[in-house]
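Single-letter residue listing:
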Amino acid sequence: LECHADGDPPPSTRCARDGGTRRGDTRHGGTRATRGGRVVTRADGGRYVCRATNRHGVAVRSVLVTVECEWDTRGRPG
């Protein structure tokens, strides 16, 4: 999951699963935050909130993620 934001100065971003940071918490001091390369399962579904912050304020957006298919670590359906 990636969070992009533009601003002057460039904002820091944070993206986390709503209601907690279980496995979905990422932070970055630039313009992009990403969860990175790991296996995603149906348990990762839910609402994620992305927040961009700089000295001028905060912008918040959310997205609902649904995982319909799981893949094992060898790239085959699980």
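Residues numbered from 1 in each chain as written. Predicted model: local features only at pLDDT ≥ 70, side-chain atom pairs only at ≥ 80, totals over all residues. Heavy atoms only, no water.

- An unreviewed UniProt entry annotates the protein chain as ICAM5 protein of Helopsaltes ochotensis.

**Some points on the confidence of the model for the protein chain**
Working step 1: Averaged over all residues, the pLDDT of the protein chain equals 77, while 64% of them reach at least 70.
Working step 2: For the stretch residues 22–35, pLDDT sits under 50, and the model shows 51 contacts to residues farther than four places along the chain or on other chains. (pLDDT = per-residue confidence, 0-100. Contact = heavy atoms within 4.5 Å.)

**Here's the deal with unusual backbone geometry**
Working step 1: The omega angle of the peptide bond from D8 to P9 is 5 degrees, so this bond is cis rather than trans.
Working step 2: Structurally, the position occupied by P9 is in the loop between β1 (2–4) and β2 (12–17). (Helix = DSSP H or I, 4+ residues; strand = E, 2+ residues; numbered from the N terminus.)

**Focus on the environment of A16**
Working step 1: Looking at where A16 falls in the secondary structure, it is placed in strand β2.
Working step 2: Assessed through its relative accessible area of 10%, A16 is described here as buried.
Working step 3: A C-alpha to C-alpha distance of 9.5 Å links A16 and S62, two positions 46 residues apart in sequence. (Buried < 20%, exposed > 50% of the residue type's maximum accessible area, 1.4 Å probe, protein only.)

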